[in-house]
Every structure is written in C-alpha cells, then in structure tokens.
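Understanding the architecture of this molecule
Take a look at the letters that make up each chain.
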Amino acid sequence: MNGSIRIIGGKWRGRKLAVLDKQGLRPTTDRIKETLYNWLMPVIQGSYCLDCFSGSGSLGFEAASRGAKSVILLEKDKQVAMLLNKNKQQIASDAIDIYHTDTLEWLNRPASKQFDVVFIDPPFHQSLVAKTVSQLEQNNWLKPSAYVYIETEIGHDLTTYIPIHWRLHREKTAGQVHSYLFIREDN
C-alpha cells in the first residue's frame, strides 16, 4: 500500500481508499475527476457504468458514491483487483461489482447488458483505447445515448478510430493527460 484516493462527492464524500503503487497505475486526479463529474452530473444518478481499466477504482467508486445504480470495475492485475474488493467491502456497496479479468477479453463477446456511462482510462502507450472502443461498438455494450469518457496521454490521436456517431461533448488537457467525453448518438 503506497497511497490513497479520495472520493470527492456523493454519499462517501471525503472517504479515502487504499491504492497500490504499481507501474502504469495513474489514479485520476481530484481536479480531473471534479471536472468529469460536473460533465456527467445530468446522467450519473441511476446509471449503469462500466470502468474498463479500473486500476485505483477512482472513477468507478466515485460513480457509485454519486448515485450510479450499477458500476462494473474490470481489472487485469490480481493484487489490484483484490484491493478493489477490499475497498468495496470497506464502503459496503451493493452497486459495485469487480471482475479480475482482461478488459479486451471481457468485451470480446456479445453484450450481456448495456451501459449508460463507460470509462476508458487504460495504461498509456499500449494501444488499448482503439481496441476497447471497437469492442464496445461491435459487441453492443453501449446504450444508444451512452456517455464515453476517454483519458489518454497528450498527443494520442483518437480521430482515426472514434465512430462517426460519437459526438465530442467536452475535452480538457491537464498536465500530460487529455480527457474526452463523447456522447454516442443513434447511428
């Protein structure tokens, strides 16, 4: 255990959750999280959320704290997934489900449910965003008007693979991170 994240809004506001110090793990900063949840305020309450590369769980736990009906966190690293489960027990949430799995394998099947909000914040420089976007669309994981949040390293070009029916709603650059929020429109 080398750090913590803080839930910044909702019923667990101010609660700190443990985070492992692992290579590639970049908890979303409070500043970026505050901006994102201001963007999502109209849709987060009662929503079904998917956190594709949950890592610290910062985005998923925040969604549950702010009233999401269901939040699925996907995490490939076994130690990180175990800590996410421990954090879930600490806040005693029935809205959160955590899967120790490879996100691309999990998404590479026909959808068992559809999501209102999806977070894509993978380790940088591994070409995971394009594959994730493709599988979300191909396998029908998104509700018709889903919100998709993507966090990438500065200089990453999304234009070659974002579907034309995804409308850029908001974007922001902070430090070495570029954040995008897309709204999927009926195609």
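Residues numbered from 1 in each chain as written. Predicted model: local features only at pLDDT ≥ 70, side-chain atom pairs only at ≥ 80, totals over all residues. Heavy atoms only, no water.

Turning next to the side chain of His-178. Here His-178 shows up in strand β9 (residues 177-184). For His-178, the side chain forms a polar contact with the side chain of Thr-173, separated by 3.0 Å. Dropping the residues within four chain positions of it, His-178 is found in contact with Ile-150, Glu-151, Thr-152, Ile-154, Glu-171, Lys-172 and Thr-173. (Helix = DSSP H or I, 4+ residues; strand = E, 2+ residues; numbered from the N terminus. Polar contact = N/O pair within 3.5 Å; in protein donor to acceptor, adjacent residues only side chain to side chain. Contact = heavy atoms within 4.5 Å.)

A few words now on the pattern of salt bridges. Taken as a whole, this structure holds eight salt bridges when the rule is applied. The salt bridge involving Lys-143 is made with Asp-116; its shortest N-O contact spans 3.3 Å. Of this pair, Lys-143 sits in strand β7 (residues 142-153) while Asp-116 sits in strand β6 (residues 115-120), and the two are 27 residues apart along the sequence. Residue class for Lys-143 comes out partly exposed when judged on its relative accessible area of 25%. Judged by its relative accessible area of 21%, Asp-116 falls in the partly exposed class. One network of salt bridges, with partners in common, ties together Arg-6, Asp-30, Lys-33, Glu-62 and Arg-66. (Salt bridge = Lys/Arg side-chain N within 4 Å of Asp/Glu carboxyl O. Buried < 20%, exposed > 50% of the residue type's maximum accessible area, 1.4 Å probe, protein only.)

Another aspect to go through is the nonpolar core. In terms of nonpolar packing, the biggest core is built from 35 residues, with Leu-40 and Phe-119 touching the most fellow members. The element that contributes the greatest number of residues to this core is helix α1 (residues 30-44), accounting for six residues. Aside from chain neighbours lying at most four places away, what touches Phe-119 is Leu-36, Tyr-37, Leu-40, Cys-49, Leu-50, Asp-51, Cys-52, Phe-53, Leu-59, Ala-63 and Tyr-149. Leu-104, Leu-107, Val-118 and Trp-166 belong to the second largest nonpolar core, which has 26 residues in total. (Core = buried A, V, L, I, M, F, W, Y, C linked by side-chain atoms within 4.5 Å.)

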